[in-house]
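Coordinate analysis (summary)
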Number of protein chains: 2
Amino acid sequence: MNVTQSFDLESWSERALLEIESSLKRWIPSDAPADLSQPMNYAVLGGGKRLRALLVLGAFEAGIDGQSQSEYSWRREAALRVASAIELIHAYSLVHDDMPCMDNDVLRRGKPTVHVQYGEAMALLTGDTLQALAFEVLTPEHSSIPMDLQAQLCGLIARAAGHKGMAGGQAIDLTSVGQRLDEHQLSFMHKLKTGALLEASVIAGALCAGVSQRAMESLKIFGGALGLAFQVVDDILDVTAESAVLGKTAGKDAQTDKPTYVSLMGLDAAKHKADVLLVQANQALMSSGLSQSDALVAIALRVVNRSY
Amino acid sequence: MNVTQSFDLESWSERALLEIESSLKRWIPSDAPADLSQPMNYAVLGGGKRLRALLVLGAFEAGIDGQSQSEYSWRREAALRVASAIELIHAYSLVHDDMPCMDNDVLRRGKPTVHVQYGEAMALLTGDTLQALAFEVLTPEHSSIPMDLQAQLCGLIARAAGHKGMAGGQAIDLTSVGQRLDEHQLSFMHKLKTGALLEASVIAGALCAGVSQRAMESLKIFGGALGLAFQVVDDILDVTAESAVLGKTAGKDAQTDKPTYVSLMGLDAAKHKADVLLVQANQALMSSGLSQSDALVAIALRVVNRSY
């Protein structure tokens, strides 16, 4: 993987994050009724790694190739819109997951959670509004983004967010507390709960770039492996990291008796599994035939080696 | 309004409702993870007047005219999909609105509310999943519905459901309890909270039928007036009807000190306002130039004269 040694992920991310944050700021209304703008801003712009948005842009840059300036321009706009939409979906899920009837968490990204700050009713509504906003962002009324791409992206994100994706995984998570899941069941839960949206990020970026079917198949495998690796590392960090570093309450999984990769297979085997998934992700990328995949390779490496 | 005297709304509704219910049943997954299918079914198929879906089909039939059989077929499928999608959005909003942190209601359509039946966490997730499902239904992967219509419908529904529509109105409602709103503020709240989705139902049906711009403008006015009339009548019924007839807890507004048209202007003036809105709605329809609007006229009449 020589390619990553010469690629500067920090500089790339910094530039990409500037674009993503300014795009997100643009979509969150400043004049929503009844001060709804405040919790929306608080939930979305309160930091976060923006892994999903970076994956969209990484996949976009891997796939974009030789378009005219005008075509590049609407394709790039579509990528930024779908990166924002996915971050809005992710943000809504965090707001709802933190609520007392779900994980009852009071700390997120080092700050009080939305329901602690604005009350439960407002948190519920904020999440609902953010989910709708994601689909508003994907369907601009005046834009050069072709309507068929808009519809494709709406369908992709809706399926990744719904019962076959994130919300379905959350339902399994909810009903599996205190149960002993085997590795297959645990993987299935995470494939839906976290994996679906991470995988959709990669696919969405590639769709905006207009990649070939063959490259798309490889990117799906990359996204799937990366999504699972992300969750395995999350479970590891819940055991090994401190709350202050993590920006959320550490040790919650053991406390609430949630099944995790660490509780299932032990710490060392979980670390090994994350490394195997990293290799799988990179192999998929190499077989995609895409030459500009440096950012994706580097993001995958960072996902597995992160400390928070 | 001679036209309504010869139009049999009961027979028309009965046929339309059969189609709507079977369409909704088709979209709710039977195999969602962790038994999520159960509360989804419970929330969506537990009765309800299906006013929004009937408005979609009424507007569709008013606007459809002289297409070839194959074109009629995908247009009708689009109308049924968007009717279902809007009912899914409506159902999700009821599930979330009934939750303890919002209206804390235990009775809906004569049955225990979703959180009473399945717990708060599952109710939260059910609502979230139903919102995503609405956009899944609007973006079929294999279908003759043109992608540009799919994208248009996604954008329309997202905006009607989000901060500029239903969720925004809900936020105003939440923060206005115990406050004295004037008629303008109350109308603005309802225009968003209930009106946006009712108006979108009419527009969506007309979009699926492919009506002219002129007819669309009239239908928007019809939808707006009808939406407001619906809410005025809702406020009247909260005072005059019994819980058993209403299928939900009556007298809640006064109990919770919510501003309503009745508390603002008195019962008689509220009834008069509903009638004025009905006349406005029908005038708009007459100026639309659409000849097949019998169902819409009859629905508007029923909205104002309903007893539950």
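Before any of the text, the structure's been laid out above.
The structure displayed is predicted, hence computed values, not measured ones. (Residues numbered from 1 in each chain as written. Chains lettered and ligands numbered in written order. Predicted model: local features only at pLDDT ≥ 70, side-chain atom pairs only at ≥ 80, totals over all residues.)

**Concerning the overall build of chain A**
To be explicit about the condition: To qualify as a helix, a DSSP run of H or I must reach at least 4 residues; to qualify as a strand, a run of E must reach at least 2; elements of each kind are numbered from the N terminus. Radius of gyration: C-alpha atoms only; globule rule: 2.2 Å multiplied by the number of residues to the exponent 0.38. Residue burial here comes from a neighbour count, namely the number of other C-beta atoms, placed from the backbone, that lie within 10 Å of the residue's own C-beta, with 20 or more meaning buried, 12 or fewer meaning exposed, and in between meaning partly exposed. What counts as a contact here is a pair of residues whose C-beta atoms, placed from the backbone, lie within 7 Å.
Looking only at helices and strands, chain A has 16 helices and 2 strands in total. Computed over the C-alpha atoms, the radius of gyration of chain A is 19 Å, within 12% of the 19 Å expected from 2.2 N^0.38 for a compact globule of 308 residues. If you line up chain A on its principal axes, its C-alpha atoms span 55 × 50 × 35 Å. Residues classed as buried in chain A amount to 54% of the 308 residues present. In chain A, the share of contacts with a sequence separation of at least 24, taken over all contacts with a separation of at least 6, comes to 74%.

**Let's talk about the interface of chain B and chain A**
How we decide: When residue character is reported, Ala, Val, Leu, Ile, Met, Phe, Trp, Tyr, Cys and Pro are called nonpolar, Asp, Glu, Lys and Arg charged, and the others, Gly included, polar.
Contacts between the two partners involve 41 residues from chain B, matched on the other side by 41 residues from chain A. Those elements that provide at least two residues to the side of chain B that touches chain A are α7 (120-138), α8 (147-161) and α9 (166-175) of chain B. The leading source of residues in the side of chain B that touches chain A is α7(B), at 11 residues. Residue classes in the side of chain B that touches chain A are distributed as 24 nonpolar, 11 polar and 6 charged.

**Here's the deal with the nonpolar core**
Rule in force here: By definition, a nonpolar core groups buried Ala, Val, Leu, Ile, Met, Phe, Trp, Tyr and Cys residues that connect through C-beta atoms lying within 7 Å of each other.
Ile157(A), Ala229(A), Ile157(B) and Ala229(B) are the most contacted members of the largest nonpolar core, which has 206 residues in total. Ignoring anything within four residues of it in the chain, the contact list for Ile157(A) reads Ala85(A), Ile86(A), Ile89(A), Ala134(A), Leu138(A) and Ala200(A).

**Let's talk about the relation of the copies chain B and chain A**
Note the cut-off: What sets the superposition is a least-squares fit of C-alpha atoms, and only residues with pLDDT of at least 70 in both copies go into it.
Note on the copies: chain B fits chain A at an RMSD of 0.0 Å, the axial shift is 0.0 Å, and the rotation between them is 180 degrees. Considering both components of the superposition, the chain copies are consistent with a two-fold axis. Among all C-alpha atoms of chain B, that of Ala151(B) lies closest to the rotation axis, at 2.3 Å. A symmetric contact is evident, with 100% of the interface residues of chain B recurring at the interface of chain A.

**Topic: helix α5 (residues 69-97) of chain A**
The condition that has to hold: Expected span of a helix: the number of residues minus one, times 1.5 Å.
Its 29 residues give α5(A) an end-to-end C-alpha distance of 42 Å, which sits within 8% of 42 Å, the value for a rise of 1.5 Å per residue. Summarising burial for α5(A): 21 of the 29 residues are buried, a large majority.

**Structural notes on unusual backbone geometry**
Positive phi values are uncommon outside glycine, yet Asp35(A) reaches one of about 60 degrees. Checked against the element boundaries, Asp35(A) lands in the loop between α2 (9-27) and α3 (37-45).

**Section: α3(A)**
Residues and elements named next belong to chain A. Stated formally: Here the arc refers to the directions that run from the helix axis out to each C-beta atom.
Restricting attention to buried positions, one finds in α3 the residues Pro39, Met40, Ala43 and Val44. Axial view of α3: buried residues confined to an arc of 120 degrees, hence all on one face. Directly after α3, the chain includes Gly47, whose backbone phi takes a positive value near 90 degrees.

The quantities given are spatial measurements derived from coordinates; they are silent on function.
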